[in-house]
Amino acid sequence: MTIQEITKSLVAPGKGILAADESTGTIQKRFDSIGVESTEEMRRAYRELLFTAPGMGDYISGVILYDETIRQRASDGHTFVTVLEKQGVVPGIKVDLGTESCDGSEIEKCTKGLEGLDERLKEYYNLGARFAKWRAVITIGEGIPTDGCIAENAKRLAQYAKYVQEAGMVPIVEPEVLMDGDHDIDRCYEVTKKTLGKVFEELRLHGVALDGMLLKPNMVIPGKGSPKSRPEEIAEKTIACFIETVPAEVPGIVFLSGGQSEKEACENLNAINTLSMEKPWELSFSYGRALQASTLDTWHGKEDQVGSAQEVFLHRAKLASAARSGIYSLDIE
Ligand code: 13P
């Protein structure tokens, strides 16, 4: 398949992406919250629960894996890559290596992992990955983000995306403006607009094929410490911001959930899809927490809870799919 065909399949009607690429440190935090020890076997067992959920391919087009996970197998001996392929789901891989201080700052971060990336991509391709993810984080605060932090992250995202396309895979370009803080929705709009503007400037400069990539952004939304906005306002501001910055050649935008609850992430995505404004892209999801929170809670590390946890996961996936199609309502929760 060409990268353009893979891109289209990832944003196929009614479908979106499951981000199950939590690094060892992040999954430890998730397991801590349910009192489960984060051993390699428990992480494997949890990912098996997700990937073998019967019929998940009806709602999920692709799954982002972590380096450890792409090498693991289900209990029946099949690799997780094979398990996903059998479900009709495209395997993807997180390829950034976390963050480092940006220009000596104590708060601002730059994402790292470009060194040796071309070699790692070849290995991931051979293991079956057909798309990749790189996440940059932009923090809102007093005097930040700085232009330097936005520019450096945008440049690295573009370099990553170019490498990924050269390796025959689809890059998911993720510049996440964090919800941390008490800023209002208009401040988020302004920072998201500036960030996306710079990201697309760099993507063009590096010759990245815009029809063979997906953008994974935050929604335009108030900080966690601010009063919430209505889904309609979030939808209007999000689309207005993208109309100003995201070229129409980009086939799809797959939102991260970024700390929104499962319900909020569905309500807001639904409002985005039902909004009557010009929207030249597919508008779908690439949720981590908003697809997994209640699944983790139901599982609790117990083998006899696997079936119920899978049902919960499938229900969340179905609701996110409904929101992606603009047919979600609180009645179907
Ligand atoms: P959340 O949906 O939990 O924000 O995770 C998505 C993701 O992949 C962040 O990089």
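The structure we're discussing is the one just above.
Residues numbered from 1 in each chain as written. Predicted model: local features only at pLDDT ≥ 70, side-chain atom pairs only at ≥ 80, totals over all residues. Heavy atoms only, no water.

## What about the nonpolar core?
Of all hydrophobic cores here, the largest spans 87 residues; its most connected members are F51, M56, I60, V63, Y160 and L203. Sort the elements by how many residues they give to this core and helix α12 (residues 306-324) lands first, with eight residues. Residues in contact with L203, not counting those within four places in the same chain, are A158, A161, V173, V208, L210 and M213. (Core = buried A, V, L, I, M, F, W, Y, C linked by side-chain atoms within 4.5 Å. Buried < 20%, exposed > 50% of the residue type's maximum accessible area, 1.4 Å probe, protein only. Helix = DSSP H or I, 4+ residues; strand = E, 2+ residues; numbered from the N terminus. Contact = heavy atoms within 4.5 Å.)

## Things to note about the environment of V95
If you trace the backbone, V95 turns up in the loop between β3 (90-94) and β4 (99-101). Along the sequence, V95 and S226 sit 131 residues apart, while their C-alpha atoms lie 33 Å from each other.

## Looking at the site of the ligand
Residues in contact with the ligand amount to 13 residues; listed here are only the nearest, K133, K216, S257, G258 and R289. Within the contact set of the ligand, an oxygen atom lies 2.8 Å away from a backbone nitrogen or oxygen of G288. For the ligand, the protein covers 92% of the area, taking 300 Å² as the surface of the free molecule. When residues of the shell around the ligand are traced back to their parent elements, those giving at least two are β6 (131-138) and β10 (282-287). Here the residues of the shell around the ligand sort into three nonpolar, four polar and six charged. (Near = heavy atom within 4 Å. Polar contact = N/O pair within 3.5 Å; in protein donor to acceptor, adjacent residues only side chain to side chain. Areas by Shrake-Rupley, 256 points an atom, 1.4 Å probe, with all protein chains shown as cover. Nonpolar A, V, L, I, M, F, W, Y, C, P; charged D, E, K, R; others polar.)

## With respect to the sheet that holds β3
The parallel closed barrel is built from eight strands, whose spatial order is β1-β2-β3-β6-β7-β8-β9-β10. Bridge count for strand β9 (residues 252-255) against β10 is four bridges, and the pairing is parallel. Within β10, the position partnered with G252 by the bridge is E282. Across the sheet, helix α7 (residues 147-166) touches β6 and β7 (170-177), and the angle it forms with β6 is around 180 degrees. (Pairing = 2+ DSSP bridges. Axes fitted to C-alpha atoms, helices over the stretch in contact; angles between N-to-C directions.)

## Comments concerning the side chain of S286
Turning to its location among the elements, S286 is positioned in strand β10. Beyond its immediate sequence surroundings of up to four residues, S286 is in contact with I17, A19, I64, K216, V254, F255 and L256.

## Some points on helix α10 (residues 262-274)
Taking 1.5 Å per residue, 13 residues should reach 18 Å; α10 reaches 19 Å between its end C-alpha atoms and fits that length. Within the span of α10, buried status applies to E262, E264, A265, C266, N268, L269, N270, A271 and I272. Structurally, α10 contributes buried residues whose contacts are with α9 (231-245), β9, β10, α11 (289-299) and α12. (Expected span 1.5 Å × (residues − 1).)

## As for the state of the cysteines
This model, assessed by the stated rule, comprises zero disulfides. Between C266, a cysteine without a disulfide, and C188, which holds the nearest cysteine sulfur, the sulfur-to-sulfur distance is 19 Å. The class for C266 is buried, based on a relative accessible area of 3%. (Disulfide = S-S within 2.5 Å.)

## Describing unusual backbone geometry
The amide bond that connects I144 to the next residue, P145, takes the cis arrangement and shows omega of 5 degrees. Here P145 shows up in the loop between β6 and α7. At H300, a residue that is not glycine, the phi angle is positive and equals roughly 55 degrees. In this fold, H300 is placed in the loop between α11 and α12.

## Quick word on α9
Between its first and last C-alpha atoms α9 spans 21 Å; for 15 residues at 1.5 Å apiece the expected length is 21 Å, and the two agree. Looking only at α9, the buried set comprises P231, I234, A235, T238, I239, C241, F242 and T245. Seen from one end, α9 has its buried residues packed into an arc of 160 degrees, which puts them on one side. For α9, the elements touching its buried residues are α8 (185-205), β9, α10 and β10. (Arc of directions from axis to C-beta.)

## Quick look at the packing of α10 against α12
Put simply, α10 and α12 touch, their axes get as near as 7 Å, and they point 25 degrees apart. On the basis of their axis angle, the class for α10 and α12 is roughly parallel. Side by side, α10 and α12 meet where E262, K263, C266, L269, N270 and N273 of the first sit next to R316, L319, A320, A322, A323 and R324 of the second. Grouping the constituent residues of the contact of α10 with α12 by class yields six nonpolar, two polar and four charged. (Parallel < 35°, antiparallel > 145°, perpendicular 65-115°, else oblique.)

## Remarks on the packing of aromatic side chains
Counted under the stated rule, the structure contains eight aromatic pairs. When the centroid spacing of 5.1 Å and the interplanar angle of 90 degrees are considered together, the rings of F51 and F80 count as edge-to-face. One end of the pair, F51, is in helix α3 (residues 40-51); the other, F80, is in helix α5 (residues 80-86), and 29 residues separate them in sequence. On the basis of an interplanar angle of 35 degrees and a centroid distance of 5.5 Å, the ring pair of F285 and Y287 is categorised as tilted. (Phe/Tyr/Trp six-rings, centres within 6.5 Å; stacked < 30°, edge-to-face > 60°.)

## Things to note about the side chain of T69
Structurally, T69 is set in helix α4 (residues 67-70). Apart from the residues within four sequence positions on either side, T69 is in contact with R47, F51 and F80.

## Observations regarding the pairing of β3
Of all five residues in β3, five are buried; the element is thus mostly enclosed. Residues V90, G92 and K94 of β3 are buried on one face, and the alternating residues P91 and I93, pointing to the opposite face, are buried as well. Here strand β2 (residues 60-65) pairs with β3 via four bridges, running parallel. Considered in β3, the bridge of G62 is made with V90.

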